Amino acid sequence: MSKESELIAYYTDEDVEEPRLRERVLRNWIREVAASYDRRVGELCYQFCGDERILQTNQDFLDHDYYTDIITFDESDGDVISGDMLISLDTVRSNAELLGTEYAEELHRVIIHGVLHLCGLKDKSPEDEERMREAEDKALSRLHELVGEGTPLFD
């Protein structure tokens, strides 16, 4: 796969404020995390929305009747990860408050959480959740190295 067929796109619903992402840094970070799992990046689409849309999507597609921070639709093929990820910025914000962390940090955790799912990590059992959290922490540490310690994650 050439870099030309790689696409990482971000879209925001009209009723939510668009996060000011460092897209070039994120592209390199996502590519690096995928490579650490022997995967390449294909087409990744992030759609930022509010709680009501993610709840409706959870009900319509997964038969789940609850809010969540991310829903990942896996369209990967072999070692090329591709998929659509719906992220509720409302839930990301409330989770950041609940966990006592920065909103930008929590949003980046969720962004890479979707990538890790596409790379094959699960989070259904306590053991899987622990492995996922360790992978997220490792990826976030790398992101901080890429942007430079103390540099804000948002533009």
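A quick note: this is a predicted structure, and the numbers were derived from the prediction, not measured.

Novice: How would you sum up a negative patch on the surface? Please name residues and give values.
Specialist: A surface patch of like charges, here negative, comprises Glu14, Asp15, Glu52 and Asp90. Tracing the backbone through its elements, the reader meets Glu52 in helix H2 (residues 51–62). Assessed through its relative accessible area of 53%, Glu52 is described here as exposed.

Novice: I'd like to hear about the pattern of salt bridges, residue by residue, with values.
Specialist: Within the structure shown, the criterion is met by 10 salt bridges. For Glu32, the salt bridge goes to Arg142, with nearest N and O atoms at 2.3 Å. Taken as a pair, Glu32 in helix H1 (residues 23–36) and Arg142 in helix H5 (residues 126–147) lie far apart in primary sequence, 110 residues in all. Glu32 sits in the partly exposed class, given a relative accessible area of 32%.

Novice: Give a description of the layout of surface pockets that names residues and reports values.
Specialist: A water-sized probe rolled over the atoms picks out the places where empty space is left. Taken as a whole, the largest pocket encloses approximately 750 Å³ of empty space. Within the residue set of the lining of the largest pocket, elements represented by two or more residues are H2, strand E3 (70–74), helix H3 (89–99), helix H4 (103–118) and H5. Its residues assigned to classes, the lining of the largest pocket comprises nine nonpolar, seven polar and 10 charged. In this model, the second largest pocket occupies a volume close to 150 Å³. Around the second largest pocket, the lining residues are Glu32, Val33, Ser36, Tyr37, Leu116, Ala135, Lys138, Ala139 and Arg142. Those elements that place two or more of their residues in the lining of the second largest pocket are H1 and H5. The leading source of residues in the lining of the second largest pocket is H5, at four residues. Partitioned by chemical class, the residues of the lining of the second largest pocket number five nonpolar, one polar and three charged.

Novice: Describe in detail H3, supporting the description with residues and values.
Specialist: Leu89, Thr91, Val92 and Ala96 are the residues of H3 that are buried. Across the axial projection of H3, the buried residues extend over an arc of 155 degrees, all falling on one side. Seen from the open side of H3, the exposed residues pointing more than 90 degrees away from its buried face are Glu97 and Leu98. Considering only its buried residues, H3 is in contact with strand E2 (40–49), H2, strand E4 (80–88) and H4.

Novice: Describe the packing of H1 against H4, listing the residues and the values that go with them.
Specialist: Running from N to C, H1 and H4 point in directions that differ by 40 degrees, and their axes come no closer than 10 Å. Considering the angle they form, H1 stands oblique to H4. For H1 against H4, the interelement crossing comes out right-handed. Facing Leu26, Trp29, Ile30 and Val33 of H1, the residues of H4 in contact are His108, Ile111, Ile112, Val115 and Leu116.

Novice: An account of the UniProt feature "binding site: Zn(2+)" (unreviewed entry) in the protein is requested, with residue identities and associated values reported.
Specialist: Following the UniProt record, the feature "binding site: Zn(2+)" (unreviewed entry) maps to His113, His117 and Asp123 here. Considered against the largest pocket, the annotated residues that line it turn out to be His113, His117 and Asp123. Within the element layout of this structure, His117 appears in helix H4. Setting aside chain neighbours within four positions, we find His117 in contact with Thr72, Lys122, Asp123 and Met132. By the secondary structure assignment, Asp123 is in the loop between H4 and H5. Setting aside anything within four residues of it in sequence, one finds Asp123 in contact with His113, His117, Asp128, Glu129 and Met132. In this structure the side chain of Asp123 is engaged in a polar contact, spanning 3.1 Å, whose partner is the side chain of His113.

So, how was this worked out
All residue numbers refer to positions counted from 1 along the written sequence of the respective chain. Where totals are concerned, whole chains, interfaces and linings use all residues; where local detail is concerned, this predicted model gives features only for residues with pLDDT of at least 70, and gives and counts side-chain atom pairs only at 80 or more. Derived side-chain values reflect all non-hydrogen atoms in the structure, with water molecules and hydrogen atoms excluded from consideration. In this scheme, patches are assembled from residues that exceed 30% relative accessible area and form no salt bridge. Like charges are connected within 9 Å, while nonpolar side chains (Val, Leu, Ile, Met, Phe, Trp, Tyr) are connected within 5 Å. Areas reported here follow the Shrake-Rupley algorithm with a probe of radius 1.4 Å; residue values treat only the protein chains shown as occluding. Any carboxyl oxygen of Asp or Glu that lies within 4 Å of a side-chain nitrogen of Lys or Arg is treated as forming a salt bridge with it. Only four residue types enter the tally: Lys and Arg on the positive side, Asp and Glu on the negative side; His and the chain ends are excluded. Charge placement uses NZ in Lys and CZ in Arg. For Asp and Glu, CG and CD serve respectively. Where helices and strands are cited, they refer to DSSP runs of H or I of at least four residues and of E of at least two residues respectively, numbered from the N terminus. Think of it in three bands: residues with accessible area under 20% of the maximum for their type are buried, residues over 50% are exposed, and the middle band is partly exposed, with areas taken using a 1.4 Å probe on protein chains only. Cavities and pockets were defined on a 1 Å grid built over protein atoms only: a cavity is a set of grid points that admits a 1.4 Å probe from which the probe cannot escape, a pocket is an open set flanked by protein on both sides within 12 Å along at least five of seven lines, and lining residues are those with an atom within 4 Å of any such point. Grid points are joined across faces, edges and corners, and a volume is the space filled by probe spheres set on the points. Charged means Asp, Glu, Lys or Arg here, nonpolar means Ala, Val, Leu, Ile, Met, Phe, Trp, Tyr, Cys or Pro, and polar covers whatever is left, Gly included. The directions from the helix axis to the C-beta atoms form the arc being described. A contact between two residues is defined here by any heavy atoms of the two lying within 4.5 Å. For helices, the fitted axis covers only the stretch in contact; all axes are lines through C-alpha atoms, and the angles between them, taken along N-to-C directions, range from 0 to 180 degrees. What sets the label is the angle itself: under 35 degrees gives roughly parallel, over 145 gives roughly antiparallel, 65 to 115 gives roughly perpendicular, and the rest give oblique. Each crossing is labelled by how the near helix is turned from the far one, with a counterclockwise turn of less than a right angle marking it left-handed and a clockwise turn marking it right-handed. UniProt positions are given in the numbering used here, feature names are shortened, and annotations may be inferred rather than shown by experiment. Within 3.5 Å is the distance limit for a polar contact, defined as a pair of N or O atoms, with the added protein rule that one can donate a hydrogen and the other accept it, and that residues adjacent in sequence qualify only through two side-chain atoms.

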